[in-house]
Amino acid sequence: MQVTAVIPARYASTRFPGKPLFMLAGKPMVQRVYERAAAARRVGRVLVATDDERIFDTVRSFGGHAVMTSPEHATGTDRIAEAIRGTDADLILNVQGDEPLIPPAVIDRLVETFDNADVPMATVAVPFRLTAARPDDPNAVKVVLDNQGFALYFSRSLIPFCRAGGTAVEPLLHWGLYAYRRAFLEQFVGWPRGRLEQCEMLEQLRALENGARIRVIVADQPTQGVDTPADAARVESLIRQQES
């Protein structure tokens, strides 16, 4: 099975313009993410999908592979679907370009999920207790699972609501790392945006609305994404600690 990790990277960002090129301990963020994805044992190829020549040139400068894609894509998944055209990828990973500390071992676990032929799409979650995120934060996406480890629902609201109180169900923080079988990805981008997706602004709900199942790997280690310059400063400090 040919596994390709694709990193969608846009220069424009409301909160952090130029984020993929922000320097973290001597390397641009996109290179940090690229190297983490390439370190996964089950990944055969890594591509950066971008619509910006500055990012394209930067990736080429450190020896990486980049693909120029249309600037009209509404989502990173649409950009990835264009980037893999003409490749022999069987399984495609969507690795967020703002995860410079993503553990390669988690990527490998995600790929191994597809040893089960019944899994069309998979993603990752982590218990909130292992993170600094708050369950009541609408920017922290929650997911609840069925007994087989498939997603029942994703929401920006705190789910589930425990009527009797207590902590009978531990909240899980969704971690925006995805994997798709190629045929499913091509089907997914052809579906129109559904009502739930438009309501929550979460594109993974498109799969659930169309009856597809999403396998969820529960990681036992957190990661630190970069949404703002303040996040970048914290991540750079962690990188320097790891590399010292």
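Residues numbered from 1 in each chain as written. Predicted model: local features only at pLDDT ≥ 70, side-chain atom pairs only at ≥ 80, totals over all residues. Heavy atoms only, no water.

A word on the environment of Gln-148
Right, so step 1: Assignment of secondary structure puts Gln-148 in the loop between strand 8 (142-145) and strand 9 (151-155).
Right, so step 2: Residues Gln-148 and Leu-173, 25 residues apart in the sequence, show an inter-C-alpha distance of 18 Å.
Right, so step 3: Apart from residues no more than four positions distant in its own chain, Gln-148 is found in contact with Arg-213 and Arg-215. (Helix = DSSP H or I, 4+ residues; strand = E, 2+ residues; numbered from the N terminus. Contact = heavy atoms within 4.5 Å.)

What about the pattern of salt bridges?
Right, so step 1: One pass over the full model with this rule turns up 18 salt bridges.
Right, so step 2: Here Glu-197 and Arg-193 are joined by a salt bridge, their closest N and O atoms 3.6 Å apart.
Right, so step 3: A residue is classified by how much of its surface remains accessible, and Glu-197, at 2% relative accessible area, is buried.
Right, so step 4: Using a relative accessible area of 41% as the deciding quantity, one classes Arg-193 as partly exposed. (Salt bridge = Lys/Arg side-chain N within 4 Å of Asp/Glu carboxyl O. Buried < 20%, exposed > 50% of the residue type's maximum accessible area, 1.4 Å probe, protein only.)

Notes on the pairing of strand 1 (residues 3-9)
Right, so step 1: Counting buried positions along strand 1 yields 7 of 7 residues, so the element is predominantly enclosed.
Right, so step 2: With 4 bridges joining them, strand 1 and strand 6 (residues 91-94) adopt parallel strand pairing. Of the residues in strand 6, the one forming a bridge with Thr-4 is Ile-92. (Pairing = 2+ DSSP bridges.)

Re the packing of aromatic side chains
Right, so step 1: Under the criterion given, the structure shown has 7 aromatic pairs.
Right, so step 2: Seen in terms of ring centroids, Tyr-34 and Phe-62 are 5.4 Å apart; in terms of plane orientation they differ by 75 degrees. Their pairing is edge-to-face. In this pair, Tyr-34 sits in helix 1 (residues 29-38) while Phe-62 sits in the loop between helix 2 (53-61) and strand 5 (66-68), placing the two residues 28 residues apart along the sequence.
Right, so step 3: The class of Tyr-34 is buried, set by a relative accessible area of 10%.
Right, so step 4: Positioned above the aromatic ring of Phe-150, the side-chain terminus of Arg-213 is 3.7 Å from the ring centre. (Phe/Tyr/Trp six-rings, centres within 6.5 Å; stacked < 30°, edge-to-face > 60°. Lys NZ or Arg CZ within 6 Å of the ring centre and 35° of its normal.)

Remember, this is a structural readout, not a statement about activity or role.
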